[in-house]
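# Architecture and fold: a report
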Amino acid sequence: MPSENLRWETLEALKSSPKGKLKYSPDWLEKGEDILAGCMEVSSLSPLSGQILKRLSPHLRLKTCSLTSCVRDTSPGLSEDVAAGASFPVSPRQISSPTSPPPISIHSEEDEQKVTSSFLNHKIHDLVFLRQEQQERLVATVSICESEQLKRYEELMELKQRQEYQSMRDMMEKETQESLGRQEKLREEHRHRMKILNLRLREAEQQRLREAELERQRQVEGRERHRAINAIQEEVLQLNQLLQPRPSTHTDPALDHTPYITRGNQLCSQVSEVVPASADGKFPSVEDLTVAERALQEMRSLVRNLQDEVAQAAERKRKEQEEEEEEKKRHEELKAQQEEQKKNAAQSAKEKAKKQGEGVRRPSKLKMELQKAATTPVSQIANISGAPLKEAFDKIDKLLSSRPVTSAGKTVSTSQHPQGLEFVSYKLAEKFVKQGEEEVASNHSAAFPIAAVASGIWELHPTIGELILAHLHKKCPYAVPHYPPMESGTSVEDYQKVLGYRVDDSKVEGQDSFLKRMSGMIRLYAAIIQMRWPYTGKQGPHPHGLNHGWRWLAQILNMEPLADITATVLFDFLEVCGNALMRQYRGQFWKLILLIIEEYFPRIEAVTSTGQMGSVTRLKQFLETSLRTKQIPAPRSELGSAFFKS
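Looking at an unreviewed UniProt entry, one finds the protein named mRNA export factor GLE1 and attributed to Sinocyclocheilus anshuiensis. As its UniProt record puts it under Sequence similarities (unreviewed entry), the protein is described as follows: "Belongs to the GLE1 family."

### Describing the packing of helix H15 (residues 447-460) against helix H18 (residues 511-528)
Following both chains from N to C, one finds H15 and H18 inclined at 55 degrees, their axes separated by 8 Å at the closest point. As judged from the angle between their axes, H15 and H18 are oblique. H15 and H18 meet at a crossing whose hand is right-handed. Facing H15, whose interface residues are Ala447, Phe448, Ile450, Ala451, Ala454, Ser455 and Trp458, H18 presents Arg523, Leu524, Ala527 and Ile528. Classifying every residue of the contact of H15 with H18 gives 9 nonpolar, 1 polar and 1 charged.

### Comments concerning the environment of lysine 372
Looking at where lysine 372 falls in the secondary structure, it is placed in helix H12 (residues 363-379). A relative accessible area of 44% means that lysine 372 is categorised as partly exposed.

### Some thoughts on helix H13 (residues 386-400)
If you check H13, its first and last C-alpha atoms are 21 Å apart, about what 15 residues at 1.5 Å a residue would give, namely 21 Å. All of the buried residues in H13 are Gly386, Leu389, Ala392, Phe393, Ile396, Asp397, Leu399 and Leu400. The buried residues of H13 all sit within an arc of 160 degrees when viewed along its axis, so they share a single face. Just past H13, the residue serine 402 takes up positive phi, approximately 65 degrees.

### Brief notes about unusual backbone geometry
In the segment running from valine 480 into proline 481, the intervening peptide bond is cis, with an omega of 0 degrees. Looking at the element boundaries, proline 481 is found in the loop between helix H16 (462-475) and helix H17 (492-499). Here the phi dihedral of serine 402 falls at roughly 65 degrees; this positive angle occurs in a residue that is not glycine. Owing to a relative accessible area of 34%, serine 402 belongs among the partly exposed residues under this scheme. At arginine 586, a position not held by glycine, the phi torsion is positive, near 50 degrees. Counting through the fold element by element, arginine 586 comes out in the loop between helix H20 (565-585) and helix H21 (587-606).

How each quantity is defined
- In every chain, residue numbers begin from 1 and rise along the written sequence.
- Reporting in this predicted model follows two pLDDT cut-offs: at least 70 for local features of residues, and 80 or more for side-chain atom pairs to be given and counted; totals over whole chains, interfaces and linings ignore these cut-offs and use all residues.
- Computation of side-chain values covers all heavy atoms of the structure but excludes hydrogens and water.
- UniProt positions are given in the numbering used here, feature names are shortened, and annotations may be inferred rather than shown by experiment.
- Each axis is a line fitted through C-alpha atoms, and for a helix only the stretch in contact is used; angles between axes span 0 to 180 degrees, taken between their N-to-C directions.
- Strands are runs of DSSP state E lasting at least two residues, helices are runs of H or I lasting at least four, and both sets are numbered from the N terminus onward.
- We call two directions roughly parallel when the angle between them is under 35 degrees, roughly antiparallel when it is over 145, roughly perpendicular when it lies between 65 and 115, and oblique otherwise.
- By convention the crossing between two helices is left-handed if the near helix lies anticlockwise of the far one by an angle smaller than a right angle, and right-handed if it lies clockwise.
- Should any heavy atoms of two residues lie within 4.5 Å, those residues are counted as being in contact.
- Residues are sorted three ways: Asp, Glu, Lys and Arg are charged, Ala, Val, Leu, Ile, Met, Phe, Trp, Tyr, Cys and Pro are nonpolar, and all the rest, Gly among them, are polar.
- Only protein chains enter the accessibility calculation, which uses a 1.4 Å probe; a residue whose area is less than 20% of its type maximum is buried, one above 50% is exposed, and one in between is partly exposed.
- Expected span of a helix: the number of residues minus one, times 1.5 Å.
- When we speak of the arc, we mean the arc of directions from the helix axis to the C-beta atoms.

Spelled out as structure tokens, the structure:
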């Protein structure tokens, strides 16, 4: 058919028209642009449409079916609508449009051609209008389809989003459940580990407590061994002094002390080598204590053997002298002894009668004169020169030797009364201690001249030394050393007196005054144990020497400290006697100082309150300076050889 043959040309014409140049972009919905914006323009036919109509004009095939075929061939979507019965007939209104020209009468062929041309133009116009209306309907139908498809697409996308959301939600719930499961598992593991850890901690704590108890027991046993070794060392040093030759044995050439002295020194060194292990922050072992005990036993055996030899030598010498002189002087000695006994008896009877008469006549006056004769020389002791000191010493020595002494213009003697010597000894010892309590407490430099005279008198008259210690221990129990406990039933005033406080009319002296008096007596005691009277000429050991000072220091460190008192007496003792102890005991002394700093001084601080830190501070500075310089200076008031020569 001609129309079917021209469909490709029709499509080409439509393609060249403005409607055939529509543009489509998938971004229109996102950008908010109208999809049908290009379809609202006015459609116009291309020049090819006129040629198509010319070819169709001879046949006048302007039926609806031809137009439908054209539309079907042109657009597949439109052909489906025509096939479904959607035809587009030409209505009389469209044919007889208001724009159609009035009928023209035909008179000739030319008129007929004009009429035909005019009719064709009107037909073309009507066809174009009809085609335009069909295009609009087609566009509307396509728009509706596209809208429905867009709606379905949006519903599909919304469904997919819901499905994805649900899937994501399910996945998150699943992960949450898995996370909760893992957390529960971790909590269970944590509880299990905590249970195991608690068991281990409990076992560790029990082990620590066991070890602490063992350590405490070890330290207690170590301290006991330490005290035992100190006591052994002290006894060994004392026994070693007994091995030294006495002046009475110098005249016996058969007795040789050298082997005993050599072995004694070896035993002292052996004990000294054991003691360092206990002063280096460690306690001595059982083996160290065993070695020290063996050395002590051997030292005792040495002393016993030496004493036996001395006794045997003295016995042999005595027997030899008796055998030599027995035959020569038997008769002469008997006569002389008889005559002497008669004379002595007569003289003794006279003196006894004289003393009894005088004692009956003036006992109280004699008591005052003897007391003045005993105390005045002690009061005159001063740190001036050696001559006045020797004069005071001679007066005291003469009085104790029952020789007449001039005092306050009167001559007195202890022989004037049976108890005169005991009374003078008691008052003399009391005066020495009182000088320490008053004079030395106010003037520290007075300790050494008083101590020099006291030690000399002590050496010549041992009873005086015992009385000095008795008075000293009564007034100052810390010189023992001893911290008296309060016994049941004892009043506070009586206990204060036992501690050394002065109590007058139920009023106890102040702490400063008390510490000052105790300091004076401790300083006097520390000076006595290191001073020797240079004029006696005796070569024996000191009657109460440095070994007693070492024992005092060891005993006070084995006692629990008292607030304010321990620090005071320890500082006074070391300041006066520390240099002498350092020179005597050397390395052992420094180990003792280190022990005080590391172990004993923290215990002093623990019992000392804030208001009592003065004595503690002085002691701390003294110990730290001494340990740092490895030197304790000699006391400034110590008496040298030049003093006694002046």
